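Per-entry structural report
Here's the letter readout for the chains.
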Amino acid sequence: EAGVAQSPRYKIIEKRQSVAFWCNPISGHATLYWYQQILGQGPKLLIQFQNNGVVDDSQLPKDRFSAERLKGVDSTLKIQPAKLEDSAVYLCASSPGIAGYNEQFFGPGTRLTVL
Amino acid sequence: QQPVQSPQAVILREGEDAVINCSSSKALYSVHWYRQKHGEAPVFLMILLKGGEQKGHEKISASFNEKKQQSSLYLTASQLSYSGTYFCGTEKSGTASKLTFGTGTRLQVTL
């Protein structure tokens with residue numbers, strides 16, 4: 001079975017520019033997560049979708065970050081405008097359901113560098 | 001609040017054992033363990049549920065002490081492939097599988 005796909009793999013932008021990341025979860029997985037992982041730290045949840053509805057976005061900086069999951073499948077995460085501190089790896093993960101006993105499958109991530 | 005892992009880093013010789021601990025200040029519903037190799041995505045190892053038993057995966061096993069809100073990951077007879085950073089992800093009761101990942105433990109296995 002195909003894994004979680006993400007693109008682009010790498011992105012370099014200047015501060016105040018905009019950037020968008022795309023994620024295609026494993027087919028049939030209802031739950032999709034976006035994480036931010038700063039170098040040397042554990043992943044930090046930004047937003048969690050159940051199908052196309054938002055379950056948790058309490059740690060999403062909503063003044064600059066936005067995310068959507070149209071039709072409950074693919075998802076995009078956007079940053080506008082970017083700041084230096086947004087430099088990180090953005091990981092997308094999916095799981096079959098919402099229950100705690102479901103493992104999360106991670107994509108390869110997008111490494112963002114903001115100059 | 002982020003769970004705390006200990007030790008922060010450990011170096012082992014191949015064949016040695018290691019224990020990685022994960023502590024939370026909150027009552028937990030489940031604990032997930034992941035391993036991440038440099039430049040790669042985290043890979044799932046196991047889940048421990050409240051009221052569940054100790055789980056195993058090859059020579060890697062784990063336990064979950066609900067009363068202490070602690071989990072331990074046991075690596076037996078370590079192999080070179082075990083090298084990487086280990087993260088615990090904790091789920092509080094009623095948070096619909098939202099994981100808070102720990103500070104990470106960097107494990108290096110040498111010959």
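Residues numbered from 1 in each chain as written. Chains lettered and ligands numbered in written order. Predicted model: local features only at pLDDT ≥ 70, side-chain atom pairs only at ≥ 80, totals over all residues. Heavy atoms only, no water.

Attention shifts here to unusual backbone geometry. Along the chain, A:Gln80 connects to A:Pro81 via a cis peptide bond; the corresponding omega equals -5 degrees. With respect to the helices and strands, the residue A:Pro81 is situated in the loop between strand 8 (75–79) and strand 9 (88–95). Across the junction of B:Ser6 and B:Pro7, the peptide omega takes the value -5 degrees, indicating a cis bond. Relative to the elements of secondary structure, B:Pro7 occurs in the loop between strand 1 (4–6) and strand 2 (9–13). Even without being a glycine, A:Arg16 presents a positive backbone phi close to 80 degrees. On the secondary structure map, A:Arg16 appears in the loop between strand 2 (10–13) and strand 3 (19–24). (Helix = DSSP H or I, 4+ residues; strand = E, 2+ residues; numbered from the N terminus.)

All names here are of chain B. Within the fold, Ser-30 resides in strand 4 (residues 28–36). Side chain to side chain, Ser-30 and His-32 meet in a polar contact 3.3 Å long. Here the side chain of Ser-30 touches Glu-91 through a polar contact of 2.6 Å, side chain to side chain. (Polar contact = N/O pair within 3.5 Å; in protein donor to acceptor, adjacent residues only side chain to side chain.)

Attention now moves to the pattern of salt bridges. Enumeration according to the criterion identifies three salt bridges over all chains in this entry. Residues B:Lys98 and A:Asp56 are paired through a salt bridge, measuring 3.5 Å at the closest nitrogen-oxygen approach. Highlighted residues: B:Lys98 in the loop between strand 9 (84–92) and strand 10 (100–101) and A:Asp56 in strand 6 (residues 53–56), drawn from two different chains. For A:Asp56, a relative accessible area of 17% puts it in the buried group. Across the pair A:Arg64 and A:Asp86 runs a salt bridge, and its minimum N-O distance is 2.5 Å. With A:Arg64 in the loop between strand 6 and strand 7 (65–68) and A:Asp86 in the loop between strand 8 and strand 9, this residue pair connects regions lying 22 residues apart in the sequence. (Salt bridge = Lys/Arg side-chain N within 4 Å of Asp/Glu carboxyl O. Buried < 20%, exposed > 50% of the residue type's maximum accessible area, 1.4 Å probe, protein only.)

All names here are of chain A. Note on placement: Phe-21 falls in strand 3. The sequence separation of Phe-21 and Cys-92 amounts to 71 residues, and the corresponding C-alpha distance is 9.5 Å. With residues up to four places along the chain from it excluded, the contact list for Phe-21 reads Ser-7, Pro-8, Trp-34, Ser-75, Thr-76, Leu-77, Ile-79, Tyr-90, Thr-110 and Leu-112. (Contact = heavy atoms within 4.5 Å.)

A word on the sheet that holds strand 1 (residues 5–7) of chain A. Residue and element names in this part refer to chain A. A sheet is described by the order of its strands in space; here four strands give the open sequence 1-3-8-7, paired in antiparallel fashion. Sheet topology places strand 1 and strand 7 at the edges, where each strand pairs with a single neighbour. Mean inter-strand twist for the sheet, computed between neighbouring axes without regard to direction, equals 15 degrees. Judged from the three bridges that link them, strand 1 and strand 3 form a sheet pairing that is antiparallel. Within strand 3, the residue paired with Ala-5 across the bridge is Asn-24. (Pairing = 2+ DSSP bridges. Axes fitted to C-alpha atoms, helices over the stretch in contact; angles between N-to-C directions.)

What follows deals with the environment of B:Ser71. All names here are of chain B. Within the secondary structure, Ser-71 sits in strand 8 (residues 70–75). Between the C-alpha atoms of Ser-71 and Leu-99, which are 28 residues apart in sequence, the distance is 14 Å. Excluding residues that lie within four positions of it along the chain, Ser-71 makes contacts with Ile-20, Asn-21, Cys-22, Val-31, Trp-33, Leu-48, Ser-63 and Phe-64. Within polar-contact distance, the side chain of Ser-71 engages the side chain of Trp-33 at 3.0 Å. A distance of 2.8 Å separates a polar atom in the side chain of Ser-71 from the backbone oxygen of Ser-63.

Applying the stated rule across the entire model yields two disulfides over all chains. The disulfide bridge from A:Cys23 ends at A:Cys92, spanning 1.9 Å between sulfur atoms. Torsion about the S-S bond of the A:Cys23 and A:Cys92 cystine: about -65 degrees, corresponding to left-handed handedness. Here A:Cys23 is found in strand 3, whereas its partner A:Cys92 is found in strand 9, with 69 residues between them in sequence. For A:Cys92, a relative accessible area of 0% puts it in the buried group. Between B:Cys22 and B:Cys88 runs a disulfide, and the two sulfur atoms are separated by 2.0 Å. Across the S-S bond linking B:Cys22 and B:Cys88, the dihedral sits near 70 degrees, which makes this disulfide right-handed. Separated by 66 residues along the polypeptide, B:Cys22 in strand 3 (residues 18–23) and B:Cys88 in strand 9 bring together distant segments of the chain. (Disulfide = S-S within 2.5 Å.)

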